[in-house]
Amino acid sequence: MWLLSSSVASSVAYKSYKNMWWSRKLASRCLRLHRAKSTASEPEQTLGIIGVPFAKGQGKQGVELAPDLLRQSSLRQVLQSSHDGLVIRDYGNLQYSVDESLLQQQRVHYHHIRNYADFMACNRALIEQVKEMLKENSQFLAIGGDHAIGFGSVAGHLQHTPDLSLVWIDAHADINLHSTSQSGNIHGMPVSFLLEQLRTTWQHAGLQDIAPNCLPKDQLVYIGLRDIDPYEAFILNKVGIRYYAMDTIDRVGVPKIIEMTLDALNPQNKIHVSFDIDALDSNVAPSTGTAVRGGLTLREGISIVEALRDTKRVQGVDLVEINPKLGSERDVRTTVESGLEILKSMFGYRRSGNWSNIDTGILGSD
Ligand SMILES: NC(=[NH2+])NCCC[C@H](N)C(=O)O
Ligand SMILES: [Mn+2]
Ligand SMILES: [Mn+2]
């Protein structure tokens, strides 16, 4: 299996390497052209990228390989070619260490959920990393790993920007409490650490110290849900959280969902988009640990992220749950390509074409 996934990685990498040389040459020419003309009033757009190879939020090995596989599949070139003014800084992969006090918390309070101490240690490190990236860049991207990292990514973002809205695009609500989870998998719980109304259920986790800022429940919107646990459905409805499950999406259509989402979010706020690849239908994203049929088409996914991007308020993005050890070589390639398409649109690519950097002289004087 390992052999299989590394050969997938190298074939994707080879293809992209061939394209890369030419597109680099071209890109640098365009960039020079663009830079020379660009006005000082346009703020520079810089993107910090952190890989978070965390796999302990669920039981399947493989998600930890996604950050490096995406890099080998020309993540940087794809983003760069979609937006030539974008400056990208790659911060590598996050490292963390578990300390005795977390192990103690786990033993005493959270022994029934898997890998609590690792979850906390990783997210604590991620919170600091996100804060640092936002000091140095206008946007950041966290590549999982499983969705357990959604806690640290959003919590770090909230510390930098307390007035934040969150769009969680997923087949799942990931809002279990330790007392309601049927799987014990902490990638099904990160949202419960973020909301004021729910984090009290984590009273032994020391959240007031590591993640003092909460997300107001009216600034959270879910899109794409179709596999909600009964307790999660109870929580969503009891707390009064907006969620657009696939049945609603089918009934009213994606353009309406986008409109309702944007209406719900405070227009002054920055936006965090947490994109679980399993929001997409398993025919376009088969290599993921908890795939669910009947999801968003790739085009629907792209439409949603384009609309969010066009607000110019997206400041943080997660892409999680791509698992290169699941499925065939072709499945892995399909999943990675879908992930790249989503990111490409998220960070600037326009399907309708982009001519803002073209030298208008080419058609003669007008
Ligand atoms: N990030 C994900 N893919 N989450 C799946 C969660 C599935 C299920 N609700 C659970 O709690 O285990
Ligand atoms: Mn998820
Ligand atoms: Mn999911």
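Refer to the preceding data block for the structure.
The written sequence of each chain sets the order in which its residues are numbered from 1. Each chain gets a letter, beginning with A, and each ligand a number, beginning with 1, in the order they are written. For a predicted model such as this one, the threshold for reporting local features is a pLDDT of at least 70, and the threshold for listing and counting side-chain atom pairs is 80 or more; totals across whole chains, interfaces and linings nevertheless cover every residue. Values reported for side chains reflect all heavy atoms of the structure, with hydrogen atoms and water molecules removed beforehand.

**Section: the site of ligand 1**
Near, as used in this document, describes a residue that has one of its heavy atoms within 4 Å of the molecule or strand being considered. In the neighbourhood of ligand 1, 13 residues make up the surrounding shell, with Asp174, Asn176, Ser183, Asp229 and Thr290 lying closest. Here a polar contact is taken to be a pair of N or O atoms separated by no more than 3.5 Å, where protein atoms must pair a possible hydrogen donor with a possible acceptor and residues adjacent in sequence count only if both atoms sit in side chains. The separation between a nitrogen atom of ligand 1 and a polar side-chain atom of threonine 290 is 2.9 Å. Burial of ligand 1 by the protein amounts to 93% of the accessible area it has alone, namely 350 Å². Under the scheme applied here, ten amino acids are nonpolar (Ala, Val, Leu, Ile, Met, Phe, Trp, Tyr, Cys and Pro), four are charged (Asp, Glu, Lys and Arg), and all others, including Gly, are polar. Classifying every residue of the shell around ligand 1 by side-chain character gives no nonpolar, 7 polar and 6 charged. Here, Shrake-Rupley sampling with a 1.4 Å probe gives the accessible areas, and only protein chains in the shown set may cover a residue.

**Observations concerning the sheet that holds strand E7 (residues 270–276)**
Overall, parallel pairing links the 8 strands, which are arranged E2-E1-E3-E8-E7-E4-E5-E6 in an open sheet. One side of each edge strand has no neighbouring strand; the edge strands of this open sheet are strand E2 (87–93) and strand E6 (242–245). Looking at each pair of strands side by side, their axes are set apart by 15° on average, direction ignored. At least two DSSP bridges between two strands are needed for those strands to be called paired. Helix and strand labels come from DSSP, where a helix needs a run of H or I of at least four residues and a strand needs a run of E of at least two; each type is numbered from the N terminus. Bridging between strand E5 (residues 220–225) and E6 involves 4 bridges; their strand directions are parallel. Bridge pairing in E6 places valine 221 opposite arginine 242. Axes here mean lines fitted to C-alpha atoms, for a helix over just the part in contact, with angles spanning 0 to 180 degrees between N-to-C directions.

**What about the coordination of the manganese ion (ligand 3)?**
Here the manganese ion (ligand 3) is held by Asp170 (OD), His172 (ND1), Asp276 (OD), Asp278 (OD) and Asp278 (OD), and the distances to it run 2.2 to 2.4 Å. Here the manganese ion (ligand 3) and the manganese ion (ligand 2) are spaced 3.2 Å apart, and both take aspartate 170 as a donor. With aspartate 170 in the loop between strand E4 (164–169) and helix H7 (196–199) and aspartate 276 in strand E7, this pair connects stretches of sequence that are 106 residues apart. Listed donors are limited to N, O and S atoms within 2.8 Å of the metal, widened to 3.2 Å for Na, K and Ca; water is not among them, so incomplete-looking sites are possible.

**Some points on unusual backbone geometry**
Glycine 145 follows glycine 144 through a cis peptide bond whose omega is 15°. Tracing the backbone through its elements, the reader meets glycine 145 in the loop between strand E3 (139–144) and helix H6 (150–160). At lysine 312, a residue that is not glycine, the phi angle is positive and equals roughly 60°. Along the polypeptide, lysine 312 turns up in the loop between helix H12 (298–310) and strand E8 (314–320). To sort residues, take the accessible area from a 1.4 Å probe on protein chains only and compare it with the maximum for the residue type: under 20% means buried, over 50% means exposed, and anything in between is partly exposed. For lysine 312, a relative accessible area of 71% puts it in the exposed group.

**Quick notes on the packing of aromatic side chains**
Pairs were defined over the aromatic rings of Phe, Tyr and Trp, the Trp ring being its six-membered one, requiring ring centres within 6.5 Å. Orientation was assigned from the angle between planes: stacked under 30 degrees, edge-to-face over 60, tilted for the rest. A full pass over the atoms with the stated rule returns 7 aromatic pairs. Measuring from ring centre to ring centre gives 5.8 Å for phenylalanine 119 and phenylalanine 151, while their planes differ by 20°; the resulting arrangement is stacked. Of this pair, phenylalanine 119 sits in helix H5 (residues 116–136) while phenylalanine 151 sits in helix H6, and the two are 32 residues apart along the sequence. Classification of phenylalanine 119 as buried rests on a relative accessible area of 0%. Counting as a charge over the ring demands two things of the Lys NZ or Arg CZ atom: a distance within 6 Å of the ring centre and an angle within 35 degrees of the ring normal. Over the face of the ring belonging to tyrosine 349 we find lysine 344, whose NZ or CZ atom lies 4.3 Å from the ring centre.

**Focus on the side chain of serine 181**
By the secondary structure assignment, serine 181 is in the loop between E4 and H7. Any pair of residues with heavy atoms lying within 4.5 Å of one another is described as a contacting pair. Once you skip the residues sitting within four places of it in the chain, serine 181 turns out to touch Asn176 and Met189.

**A look at the pattern of salt bridges**
Think of a salt bridge as a Lys or Arg side-chain nitrogen and an Asp or Glu carboxyl oxygen that are within 4 Å of each other. Tallied over the entire structure, the rule returns 12 salt bridges. Here aspartate 310 and arginine 309 are joined by a salt bridge, their closest N and O atoms 3.1 Å apart. The exposure class assigned to aspartate 310 is partly exposed, which follows from its relative accessible area of 41%. Taken together, the shared-partner salt bridges in this structure form one network comprising Asp68, Arg71 and Asp90.

**Points about the pairing of E8**
Across the 7 residues that make up E8, a large majority, 7, are buried. Here E3 runs beside E8; their pairing, made up of 4 bridges, is parallel. Bridge pairing links alanine 142 to aspartate 318 in E8. In this sheet, E8 lies alongside E7 in parallel orientation, the contact comprising 6 bridges.

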